[in-house]
Amino acid sequence: MNNKRKYVLVIMLLPWLTVPFIGKKAMKRFSLTSILIGLLFGLQAVYANKRGWWRVYTQLFPNVMGEVPFIIGPFFVGAIWILKFTFGKFLRYTLINLGVDFFHIYVFVKWLQRMGIASLIRLKDYHALVLFSVNAAMMYGFQWLIDKKVNPKKPTSLIKRILS
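All figures in this text were calculated on a predicted structure; none of them were measured in a lab.

**Q** Explain the pattern of salt bridges to me, and be specific about the residues and the numbers.
**A** Scanning the model with the defined rule gives 2 salt bridges in all. Between Asp-147 and Arg-29 there is a salt bridge, with its nearest N and O atoms 2.4 Å apart. Placement of Asp-147 in helix H5 (residues 125-150) and of Arg-29 in helix H2 (residues 24-51) is noted, with a sequence separation of 118 residues between them. Accessibility expressed as a relative area gives 6% for Asp-147, which makes it buried. Among the residues examined, Arg-29 registers a relative accessible area of 29% and is labelled partly exposed. Lys-110 is the salt-bridge partner of Asp-125, the closest N and O atoms lying 3.0 Å from each other. Residue Asp-125 is located in helix H5, and its partner Lys-110 is located in helix H4 (residues 90-115); the two are separated by 15 residues in the primary sequence.

Laid out in structure tokens, this is it:
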């Protein structure tokens, strides 16, 4: 296994070391949303590869998209952590997600480019920020709909949820 594949393996597995600290309740509550947004990101990755938006050069698994380790690693676990600490407080959620997305695009992707693991090709940095922000808004919406179905006693007004 070459060094690039080792880096990708570490990137995929490292977030999973934090899962015991999430808690069963939060894991159960937020994993469906994390799975749904991960599947959506996987579909976007297929489209992005066809359009040449970005490219992941280092594949961890043969015949599997290069984005998969990032989706099942930091993306899945990170989404649960963010939802755990910010769900129900939309302004906090938005600011945290913007910070994480900004770090991802302007720091992490630049590092991946220097390492030769992945890069943005036809997608500009600010386009990626918009795309990830839209994904974050959809993730919040997924969780809001799931919570509304599971526990209908919570305030139904988005404004009441933001202010609570």
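**Q** Mind laying out unusual backbone geometry, listing which residues take part and the relevant values?
**A** Of note in this structure, Asn-63 is not a glycine but carries a positive phi near 60°. Among the structural elements, Asn-63 can be located in the loop between strand S1 (54-56) and helix H3 (68-86). For Asn-63, a relative accessible area of 82% puts it in the exposed group.

**Q** Lay out the packing of H4 against H5 in plain terms, naming residues and giving numbers.
**A** Contact pair H4 / H5: the axes reach a minimum separation of 10 Å and the direction vectors enclose 145°. For the pair H4 and H5, the crossing hand works out as right-handed. Counting all contacts with H4, which are made through Phe-90, Tyr-93, Asn-97, Leu-98, Asp-101, Phe-102, His-104, Ile-105, Tyr-106 and Lys-110, the residues of H5 involved are Asp-125, Tyr-126, Ala-128, Leu-129, Phe-132, Ser-133, Ala-136, Met-139 and Tyr-140. When its residues are assigned to classes, the contact of H4 with H5 shows 13 nonpolar, 3 polar and 3 charged.

**Q** If you had to explain the nonpolar core to someone new, which residues and values would you point to?
**A** Core analysis: the largest hydrophobic core is formed by 18 residues, its most contacted members being Ile-22 and Tyr-93. When residues of this core are traced back to their parent elements, those giving at least two are H2, H3 and H5. At 6 residues, H3 tops the list of elements feeding residues into this core. If near-sequence neighbours (up to four positions away) are discounted, Ile-22 is found in contact with Met-27, Val-77, Ile-80, Trp-81 and Lys-84. Listed in part, the 13 residues of the second largest apolar core include Phe-41, Ala-45, Ala-48 and Ala-128.

**Q** Summarise the layout of surface pockets; cite the residues concerned and give the values.
**A** One number sums up the size of the largest pocket: a volume of about 820 Å³. If you trace the largest pocket, you find 36 residues lining it, with Pro-74, Phe-75, His-104, Phe-108 and Phe-132 closest to the centre. Of all elements in the fold, only helix H1 (3-13), H2, S1, H3, H4, strand S2 (118-120) and H5 reach the threshold of two or more residues within the lining of the largest pocket. Sorting elements by how many residues they give to the lining of the largest pocket places H4 first, with 10 residues. Looking at the lining of the largest pocket, its residues break down into 28 nonpolar, 5 polar and 3 charged.

Scoring rules and cut-offs
Residues numbered from 1 in each chain as written. Predicted model: local features only at pLDDT ≥ 70, side-chain atom pairs only at ≥ 80, totals over all residues. Heavy atoms only, no water. Salt bridge = Lys/Arg side-chain N within 4 Å of Asp/Glu carboxyl O. Helix = DSSP H or I, 4+ residues; strand = E, 2+ residues; numbered from the N terminus. Buried < 20%, exposed > 50% of the residue type's maximum accessible area, 1.4 Å probe, protein only. Axes fitted to C-alpha atoms, helices over the stretch in contact; angles between N-to-C directions. Left-handed = near helix turned anticlockwise from the far one by under 90°. Contact = heavy atoms within 4.5 Å. Nonpolar A, V, L, I, M, F, W, Y, C, P; charged D, E, K, R; others polar. Core = buried A, V, L, I, M, F, W, Y, C linked by side-chain atoms within 4.5 Å. 1 Å grid on protein atoms, 1.4 Å probe; cavity = no way out; pocket = protein on both sides within 12 Å on 5 of 7 lines; lining within 4 Å. Points joined across faces, edges and corners; volume = space filled by probe spheres on them.

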